[in-house]
Amino acid sequence: VLDCNGQSRHFTVSDSLSLRSLSLINGAAGEGGCLKLMEGSSASLQNVTLSNCTAQTSGAGIYADNSTAVVIEDSIISGCLSGEGGALWGSNTDARIHRSTLHGNLARQKGGALRVVNQ
């Protein structure tokens with residue numbers, strides 16, 4: 001378990017990230033409370049829990065910027081709160097979610113669980 005105690009984001013990714021059998025809790029940031037994926041980066045989450053993360057603007061669980069690839073398998077994203085995309089916010093993002101649960105995520109504006117914008 002990695003607990004940020006509401007003080008910071010867990011990871012900012014500029015290349016690639018692979019997480020397995022891990023819990024990320026209480027992350028907080030302007031965007032991407034648990035994970036912020038920068039342009040062109042990718043992430044693979046397997047048997048991962050993202051819980052109780054917050055973002056002031058977008059993607060409390062995961063914020064994924066242009067051309068990002070995100071694969072989520074056998075995972076849980078719950079209790080995340082942001083302006084848009086409580087669990088996941090993506091712009092021009094290839095997001096694939098398999099056998100996973102998005103539960104109790106909230107957005108003050110759009111996309112309590114997901115907000116994906118393709119421009």
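Check the entry above for the structure.
A. Representation of the overall build of the protein within the structure. Along the backbone of the protein there are zero helices and 16 strands. Taken over C-alpha atoms, the radius of gyration comes to 12 Å for the protein, in line with the 14 Å a tight globule of 119 residues would show. If one aligns the C-alpha atoms of the protein with their principal axes, the spans along those axes are about 35 × 30 × 25 Å. Put simply, the protein has 119 residues, and 43% of those count as buried. In the protein, the proportion of contacts linking residues at least 24 apart, taken out of those at least 6 apart, comes to 74%. Summing over all exposed atoms, the protein offers an accessible surface of approximately 5,600 Å²; the carbon and sulfur share of this is 44%. Taking the average location of the 8 positive side-chain charges in the protein and that of its 9 negative ones, the two points are 5 Å from each other.

B. How the structure looks around the side chain of Ser 91. Relative to the assigned elements, Ser 91 resides in strand S12 (residues 88–91). At a separation of 3.1 Å, a polar atom in the side chain of Ser 91 contacts the side chain of Asn 66. Apart from the residues lying within four places of it in its own chain, the contact partners of Ser 91 are Ala 64, Asp 65, Asn 66, Ser 67 and Val 117.

C. Up close: the sheet that holds strand S11 (residues 81–84). The strand order across the open sheet formed by four strands is S4-S7-S11-S15, and the pairing between neighbours is parallel. If you trace the sheet from one side to the other, it starts and ends with strand S4 (28–31) and strand S15 (106–110), each paired once. Each adjacent strand pair in this sheet contributes to an overall mean axis angle of 5°, direction not counted. Direction of pairing for S11 relative to S15: parallel, over a ladder of three bridges. By the bridge assignment for S15, Leu 81 is matched with Leu 106.

D. Quick look at the side chain of Asn 105. By secondary structure assignment, the location of Asn 105 is in the loop between strand S14 (101–103) and S15. The exposure class of Asn 105 is buried, given its relative accessible area of 9%. Only 2.9 Å separates the side chain of Asn 105 from the backbone oxygen of Ile 77, close enough to count as a polar contact. In this structure Asn 105 touches Ile 77, Ser 78, Gly 79, Cys 80, Gly 86, Ala 87, Gly 112 and Ala 113, once residues within four positions along its chain are discounted.

Procedures and definitions
Residues numbered from 1 in each chain as written. Predicted model: local features only at pLDDT ≥ 70, side-chain atom pairs only at ≥ 80, totals over all residues. Heavy atoms only, no water. Helix = DSSP H or I, 4+ residues; strand = E, 2+ residues; numbered from the N terminus. Rg over C-alpha atoms; globule rule 2.2 N^0.38 Å. Buried < 20%, exposed > 50% of the residue type's maximum accessible area, 1.4 Å probe, protein only. Contact = heavy atoms within 4.5 Å. Areas by Shrake-Rupley, 256 points an atom, 1.4 Å probe, with all protein chains shown as cover. Lys, Arg positive; Asp, Glu negative; His and termini not counted. Charge placed at Lys NZ, Arg CZ, Asp CG, Glu CD. Polar contact = N/O pair within 3.5 Å; in protein donor to acceptor, adjacent residues only side chain to side chain. Pairing = 2+ DSSP bridges. Axes fitted to C-alpha atoms, helices over the stretch in contact; angles between N-to-C directions.

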